[in-house]
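Descriptive analysis of the structure
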Amino acid sequence: MFEWFTRVSAWLIPAIIVFIPLYAAFRKVPVYETFVEGAKDGFGTAINIIPSLVGMMVAISMFRASGAMDLMLGAVRPLFDWLSIPTEVLPLGILRPLTGAGSLAFTADLIATHGPDSMIGRIASTIQGSTDTTLYVLTVYFGAIGIRKTKYALKVGLFSDLVGFLAAIMICMYIFK
């Protein structure tokens with residue numbers, strides 16, 4: 001069964017890439033002109049989100065440079081020590097909602113240091129897959145279409161990240177211990 005999925009997945013993306021233009025041509029859609037028009041719209045969207053991205057990157061840099069992350073980690077560390085949860089994954093729980101690239105780099109560092117089959121590597125990988133870059137999503141996607149009232153989306157997104165973070169830890173601690 002695994003071998004079948006491997007073979008299908010190797011051909012699925014190229015097949016989709018070929019199928020879409022062929023189907024559009026069959027439906028007499030001007031494929032190239034439609035693509036160019038979409039690219040124009042995408043360029044405008046990219047220009048519109050640049051201020052939001054710059055603001056987010058500045059805020060993340062200020063958060064890290066100010067020592068706020070270290071302060072937050074210091075406050076939560078005794079609880080994690082008491083619960084026998086590896087404290088090395090704490091920064092990942094804070095970084096993940098802020099930055100995808102930063103959290104991925106941190107996860108890669110944890111895996112390189114502790115190994116992919118270690119409890120820390122497994123928890124870090126599960127957190128990476130169970131949470132999202134909430135602030136990036138809000139900044140880019142909501143900023144691209146002009147939504148300014150993000151209070152409820154922010155609360156739900158950060159709560160979801162917290163649940164994903166804690167669930168990843170609990171599930172890994174249950175399955176791999």
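The structure this text deals with has already been given above.
Presented here is an overview of the structure given in this document. (Residues numbered from 1 in each chain as written. Predicted model: local features only at pLDDT ≥ 70, side-chain atom pairs only at ≥ 80, totals over all residues. Heavy atoms only, no water.)

1. A few points about the pattern of salt bridges
Tallying each qualifying case throughout the model produces two salt bridges. The partner of Arg7 in a salt bridge is Glu3, with the nearest N and O atoms 2.9 Å apart. On the criterion of helical spacing, the pair formed by Arg7 and Glu3 is a turn pair, its members being four residues apart in helix α1 (residues 2–26). Across the salt bridge formed by Asp117 and Arg122, the nearest N and O atoms sit 3.9 Å from each other. A relative accessible area of 61% places Asp117 in the exposed class. (Salt bridge = Lys/Arg side-chain N within 4 Å of Asp/Glu carboxyl O. Helix = DSSP H or I, 4+ residues; strand = E, 2+ residues; numbered from the N terminus. Buried < 20%, exposed > 50% of the residue type's maximum accessible area, 1.4 Å probe, protein only.)

2. Structural notes on unusual backbone geometry
Working note: non-glycine residues mostly have negative phi, and peptide bonds are mostly trans. Located in the positive-phi region is Lys28, a residue other than glycine, with phi close to 65°. You can see Lys28 is positioned in the loop between α1 and α2 (31–65). With relative accessibility at 73%, the residue Lys28 sits in the exposed group. Although it is not a glycine, Ser84 sits at a positive phi angle of roughly 60°.

3. Section: the nonpolar core
One finds Phe80, Val89, Ile123, Ile127, Phe165 and Ile169 to be the most contacted residues of the largest nonpolar core, which totals 23 residues. When contributions to this core are tallied by element, the ones reaching two or more residues are α2, α3 (68–82), α4 (90–98), α6 (119–130) and α8 (151–176). Filtering out sequence-adjacent residues up to four positions away, Ile169 remains in contact with Phe80, Ile85, Val89, Ile123 and Ile127. (Core = buried A, V, L, I, M, F, W, Y, C linked by side-chain atoms within 4.5 Å. Contact = heavy atoms within 4.5 Å.)

4. Points about a nonpolar patch on the surface
On the surface, a cluster of nonpolar side chains totalling about 970 Å² of accessible area is made up of Trp4, Phe5, Val8, Leu12, Ile16, Phe19, Ile20, Tyr23 and Phe26. Relative to the helices and strands, Phe19 is located in helix α1. (Patch = residues over 30% accessible without salt bridge, like charges linked within 9 Å, V, L, I, M, F, W, Y side chains within 5 Å. Areas by Shrake-Rupley, 256 points an atom, 1.4 Å probe, with all protein chains shown as cover.)

5. What about helix α5 (residues 100–114)?
In this model α5 runs 21 Å from its N-terminal to its C-terminal C-alpha over 15 residues, within 8% of the 21 Å that 1.5 Å per residue would give. Looking only at α5, the buried set comprises Gly102, Ser103, Thr107 and Leu110. Projected onto a plane normal to the axis of α5, the buried residues spread over an arc of 135° and lie on a single side. Those residues of α5 that are exposed and angled more than 90 degrees off the buried face are Ala101 and Ala112. Close packing links the buried residues of α5 with α4 and α6. Where α5 starts, the residue carrying a side-chain oxygen 3.0 Å from the main-chain nitrogen of Gly102 turns out to be Thr99. At the exit of α5 stands Gly115, carrying a positive phi of roughly 95°. (Expected span 1.5 Å × (residues − 1). Arc of directions from axis to C-beta. Polar contact = N/O pair within 3.5 Å; in protein donor to acceptor, adjacent residues only side chain to side chain.)

6. Some words on the packing of helix α7 (residues 134–145) against α8
As a packed pair, α7 and α8 sit with axes 9 Å apart at the nearest point and diverge in direction by 150°. By the angle between their directions, the pair α7 and α8 is classed as roughly antiparallel. For α7 against α8, the interelement crossing comes out right-handed. Contacts between α7 and α8 involve Thr134, Leu135, Leu138 and Phe142 from the first element and Ala153, Leu154, Gly157, Leu158 and Asp161 from the second. (Axes fitted to C-alpha atoms, helices over the stretch in contact; angles between N-to-C directions. Parallel < 35°, antiparallel > 145°, perpendicular 65-115°, else oblique. Left-handed = near helix turned anticlockwise from the far one by under 90°.)

7. Concerning the packing of aromatic side chains
Within the structure shown, the criterion is met by two aromatic pairs. Here the aromatic rings of Phe19 and Tyr23 are separated by 5.6 Å at their centres, their planes lie at 25°, and the arrangement is stacked. Within this pair, Phe19 and its partner Tyr23 are both found in helix α1, separated by four residues, close to a single helical turn. For Phe19, a relative accessible area of 51% puts it in the exposed group. A relative accessible area of 41% means that Tyr23 is categorised as partly exposed. Stacked on the ring of Phe176, the Lys or Arg Arg122 has its end atom at 4.1 Å from the ring centre. (Phe/Tyr/Trp six-rings, centres within 6.5 Å; stacked < 30°, edge-to-face > 60°. Lys NZ or Arg CZ within 6 Å of the ring centre and 35° of its normal.)

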